[in-house]
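Tertiary structure, described
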Amino acid sequence: MTRTTVAAVTSYPAAEAFAALLAHAVPGLERVDASTRTYSRLVSTGAGPLLVEAVFGADDVTVDVVGVDGDGAPEALVEAGASVRGWLDLETDLSAVALHLGDDPVLAPLVSAQPGLRILGSFDGFESTVMTVLGQHVSLVAARTFGGRLVERWGRLDAVTGLVEFPCPATLAAVDPAELQAVVGVTGQRARTVVAVARACADGLRVAPGVDPVPVRRELLALPGIGPWTVEYVAMRAMRDPDAFPAGDLVLRKALELATPREVAARAAAWSPWRAYAAIHLWHHAAYSLHL
């Protein structure tokens, strides 16, 4: 089986990225081996799904595409490579982020301590949106369980890799919300939200890098069961919006010692257009502090 390296990055926050992948991995959809620090999944391309395998070292990551042959191989590799670079957030100029955030009294020590911190992205905006909805107001363990049940029932199993492709919008758009509720184990409201997202995406809504985030935000907020936190989180990871900022996030409010989302938004105004990176630094510091 052929193997082509599409990314080999040094000075990368590999430990943080792998820990996040390990915590969020959906059974069947993603395969994470803690002993070898390897992450695997299928990634969609115009030539069909390809297996991507990433190995995370101490401060480096290498990503291979496995089993690419035939006339469409060069184009598929280019497409997969671009997806990997977006997923690892390799296009962002972190020096610009540090320059902009480094004068803030709260953020300066965090940026100085972790200057290479990046925002792990998403391979598929629809998948990311659905998984964010499934994770609303539940634990990470519950969100992974819900996602695993969803892909097992409606995803497509790849016989070679044993991994499952996330169901496409048209597939979930045709599902009765009551059936999704029964299979996945979520509330009726959450099931209706998943189906509403699927129908919107099947009708043409694109949650992806490069799209204008303003109308996407507006369309997502119009769907039942989706609020500002979900929209901003999806914008951060799936649309690669560097200024996305979930002002209502409880961890951010505690980190900034502010009572309301309006106060948090006002405090964060000076961080624009890099508010997403401010959020990731604050989240990372809060998570690290819990283990001190």
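Everything below is about the structure shown above.
In this report, the structure presented in the accompanying data block is examined. Keep in mind it's a predicted model, so treat the numbers as computed, not measured. Here, residues in each chain are numbered from 1, in the same order as that chain's written sequence. Local features in this predicted model are restricted to residues of pLDDT 70 or higher, and side-chain atom pairs are both shown and tallied only at a pLDDT of 80 or more, whereas totals for entire chains, interfaces and linings draw on every residue. Where side-chain values are given, they derive from all heavy atoms of the structure, hydrogens and water being excluded.

1. What about the overall build of the chain?
Selection rule: In DSSP terms, a helix is any run of H or I states spanning at least four residues, a strand is any run of E spanning at least two, and both are numbered starting from the N terminus. The globule rule used here is 2.2 Å times the number of residues to the 0.38 power, and the radius of gyration it is set against is calculated over C-alpha atoms. Accessibility here uses a 1.4 Å probe with only protein chains present; expressed as a share of the type maximum, an area under 20% marks a residue as buried, one over 50% as exposed, and anything in between as partly exposed. Residues are treated as being in contact if the distance between any of their heavy atoms lies within 4.5 Å. Here the open area of atoms and residues is found with the Shrake-Rupley method and a 1.4 Å probe, where only the protein chains shown may cover a residue. Working convention for charge: Lys and Arg count positive, Asp and Glu count negative, and His plus the chain ends are omitted. Here the site of a charge means atom NZ of a Lys, CZ of an Arg, CG of an Asp or CD of a Glu.
The helix and strand tally for the chain stands at 14 helices and seven strands. Taken against the 2.2 N^0.38 rule, which gives 19 Å for 292 residues, the C-alpha radius of gyration of the chain at 19 Å falls within 12% of a compact globule. Considering only C-alpha atoms, the chain reaches an extent of 55 × 45 × 35 Å along its principal axes. Every one of the 292 residues in the chain was classed for burial, and the buried ones make up 48%. Excluding contacts between residues fewer than 6 apart, the proportion of contacts in the chain whose partners are at least 24 apart in sequence is 64%. Accessible surface computed for the chain: about 13600 Å², of which carbon and sulfur atoms make up 57%. Counting 23 positive and 32 negative side-chain charges, the chain places the centres of these two groups 7 Å from one another.

2. Brief notes about the packing of aromatic side chains
Here is the rule we go by: Put simply, two rings from Phe, Tyr or Trp (the six-membered ring, in Trp's case) pair if the centres are within 6.5 Å, and we call them stacked under 30 degrees between planes, edge-to-face over 60, tilted for the rest.
A complete count under the given rule lists nine aromatic pairs for this structure. Between the aromatic rings of Phe126 and Phe166, the centroid separation amounts to 6.0 Å while the plane-to-plane angle is 75 degrees, which identifies the pairing as edge-to-face. With a gap of 40 residues between them, Phe126 in helix 5 (residues 125–134) and Phe166 in the loop between strand 7 (164–165) and helix 7 (169–173) connect regions that are remote in the sequence. Using a relative accessible area of 13% as the deciding quantity, one classes Phe166 as buried. Each residue in the set Phe18, Tyr39, Phe56, Trp87 and Phe123 is aromatic and connected to the rest through ring pairs, giving one cluster.

3. As for the side chain of Gln136
On the secondary structure map, Gln136 appears in the loop between helix 5 and helix 6 (140–154). Classification of Gln136 as buried rests on a relative accessible area of 9%.

4. A word on unusual backbone geometry
Backbone torsion omega between Ser272 and Pro273 reads 10 degrees, so that peptide bond is classified as cis. Summarising the element assignment, Pro273 is placed in the loop between helix 13 (261–268) and helix 14 (275–289). Positive phi values are uncommon outside glycine, yet Asp89 reaches one of about 60 degrees. Counting through the fold element by element, Asp89 comes out in the loop between helix 2 (73–88) and helix 3 (94–101).

5. Section: empty space enclosed by the protein
Inclusion rule: Only protein atoms enter the 1 Å grid used here. Points where a 1.4 Å probe fits but cannot escape make up a cavity, open sets with protein on both sides within 12 Å along at least five of seven lines make up a pocket, and a residue lines them when an atom lies within 4 Å of a point. Grid points are joined across faces, edges and corners, and a volume is the space filled by probe spheres set on the points.
Applying the stated criterion across every chain, the model contains one cavity of 30 Å³ or more. The space that makes up the largest cavity amounts to roughly 40 Å³. Around the largest cavity, the lining residues are Leu94, Val97, Ala98, Val111, Pro115, Leu117, Tyr277 and His281.

6. What to know about the sheet that holds strand 4 (residues 50–56)
Rules: A strand pair is defined by DSSP finding two or more bridges across the two strands. Angles shown run from 0 to 180 degrees and are taken between the N-to-C directions of axes, each axis being a line fitted to C-alpha atoms and, for helices, limited to the stretch in contact.
Taken in spatial order, the five strands make up an open sheet running 1-5-4-3-2, and their pairing is antiparallel. Here the strands that pair on one side only, and so sit at the sheet edges, are strand 1 (3–10) and strand 2 (30–33). Along the sheet, successive strands turn relative to each other by an average axial angle of 15 degrees, direction set aside. Here strand 2 pairs with strand 3 (residues 38–43) via four bridges, running antiparallel. Residue pairing in the sheet places Asp33 in a bridge with Thr38 of strand 3.

7. Observations concerning the layout of surface pockets
In this model, the second largest pocket occupies a volume close to 320 Å³. The wall of the second largest pocket is formed by 17 residues, among which Asp124, Gly125, Phe126, Val207 and Ala208 lie closest to the centre. Of all the secondary structure elements, the ones that give two or more residues to the lining of the second largest pocket are helix 2 and helix 5. Here the lining of the second largest pocket takes four residues from helix 2, the largest share from any one element.

8. Let's talk about the side chain of Thr45
Put simply, the rule is: In protein, a polar contact requires one atom able to donate a hydrogen and another able to accept it; more generally it is a pair of N or O atoms within 3.5 Å, and residues adjacent in sequence count only if both atoms are side-chain atoms.
Within the secondary structure layout, Thr45 lies in the loop between strand 3 and strand 4. Using a relative accessible area of 11% as the deciding quantity, one classes Thr45 as buried. In terms of polar contacts, Thr45 uses its side chain to reach the backbone carbonyl oxygen of Gly48, at 2.7 Å.

9. Looking at the packing of helix 6 against helix 8 (residues 177–184)
Put simply, the rule reads: Oblique is the label for any angle not under 35 degrees, not over 145, and not in the 65 to 115 range, which are roughly parallel, roughly antiparallel and roughly perpendicular in turn. Crossings are sorted by hand: turned counterclockwise from the far helix by less than a right angle, the near helix makes the crossing left-handed, and turned clockwise it makes it right-handed. Each residue gets one label: Ala, Val, Leu, Ile, Met, Phe, Trp, Tyr, Cys and Pro are nonpolar, Asp, Glu, Lys and Arg are charged, and the others, such as Gly, are polar.
With their axes 9 Å apart at the nearest point, helix 6 and helix 8 run at an angle of 120 degrees to one another. Relative to helix 8, the element helix 6 is oriented oblique. In this structure, helix 6 crosses over helix 8, and the sense of that crossing is right-handed. Residues Phe146, Arg149, Leu150, Arg153 and Trp154 of helix 6 pack against Glu179, Leu180, Val183 and Val184 of helix 8. Its residues assigned to classes, the contact of helix 6 with helix 8 shows six nonpolar, no polar and three charged.

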